[in-house]
Each structure stands twice: as structure tokens, then as C-alpha cells.
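Survey of secondary and tertiary structure
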Amino acid sequence: MTCPTDVQASVMAFLRDKGCTVQGSVAPEEVLDMSPAAILRGMRYREDITQAELSRRTGIPQRHISEMENNRRPIGKQNARKLAEALNCPPARFLAA
């Protein structure tokens, strides 16, 4: 993965603003996790809902949501559609490229 210098600089500035200490050079993929699991966690956080609430909205067991967020269970197309509807985003966000 490549990251434009200006983007990497803004990410580093963001981390410093949040009180993070970054020593040396950090590869963008170490900071910018764009995996389906990370996207799911981030979208759920953005909507300010718990795994239990997301489970209620989607019909997906909470245990499965936890496993998806921790890369222990693939999301799959059917779940991606349910999650997308509950989290107000396109289903493709939850599918690996």
C-alpha cells in the first residue's frame, strides 16, 4: 500500500494532536487499518451503538459481530447488506477488496 506524503503527514499530525507518541517511521498501513473488521468497528463507533444493539438491528448474533470485528469470522455478502442498512453505508465497505 502506498500513501501520499501529505496524507501521511496529516495522519501523523492527527496522532500527535490526540496525544500519541510515534517514534521513527511508521508505515501507513500500521496506522490506517482499512480491513473489513476495522471498518465495521469504526462504523459502529460512528453510529454510537453497542454490539448488542447492532445485533438487535441486524439479526446477526452479537458473538458473530464480535468475531467479525476481531477478524475471526468473515463478514460475507449477506451480513454486509444487513450491516450496511443498520449502519447507513454501502455494503461494499465491509467486503475485502
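All right, on to the environment of asparagine 70 then. Along the chain, the position of asparagine 70 falls in the loop between helix H5 (62–69) and helix H6 (76–87). Each C-alpha atom of the pair asparagine 70 and arginine 41 lies 8.9 Å from the other, and the pair is 29 residues apart in sequence. What asparagine 70 contacts, discounting residues up to four positions off in sequence, is Ala37 and Arg41. Polar contacts involving the side chain of asparagine 70 include one to the main-chain carbonyl oxygen of serine 66, which spans 2.8 Å.

Quick look at H5 now. For H5, a buried count of six out of eight residues is recorded, marking the element as mostly surrounded by other parts of the structure. The inward-facing, buried residues of H5 contact helix H3 (36–47), helix H4 (51–58) and H6. Immediately downstream of H5, the backbone of asparagine 71 shows phi near 60 degrees, a positive value.

Our next topic: the packing of H4 against H5. Following both chains from N to C, one finds H4 and H5 inclined at 115 degrees, their axes separated by 8 Å at the closest point. With respect to the hand of their crossing, H4 and H5 are arranged in right-handed fashion. Touching Gln51, Ala52, Leu54, Ser55 and Thr58 of H4 are Gln62, Ile65, Ser66 and Glu69, all from H5. In terms of residue class, the contact of H4 with H5 is built from three nonpolar, five polar and one charged.

What counts as what
- Residues numbered from 1 in each chain as written.
- Predicted model: local features only at pLDDT ≥ 70, side-chain atom pairs only at ≥ 80, totals over all residues.
- Heavy atoms only, no water.
- Helix = DSSP H or I, 4+ residues; strand = E, 2+ residues; numbered from the N terminus.
- Contact = heavy atoms within 4.5 Å.
- Polar contact = N/O pair within 3.5 Å; in protein donor to acceptor, adjacent residues only side chain to side chain.
- Buried < 20%, exposed > 50% of the residue type's maximum accessible area, 1.4 Å probe, protein only.
- Axes fitted to C-alpha atoms, helices over the stretch in contact; angles between N-to-C directions.
- Left-handed = near helix turned anticlockwise from the far one by under 90°.
- Nonpolar A, V, L, I, M, F, W, Y, C, P; charged D, E, K, R; others polar.

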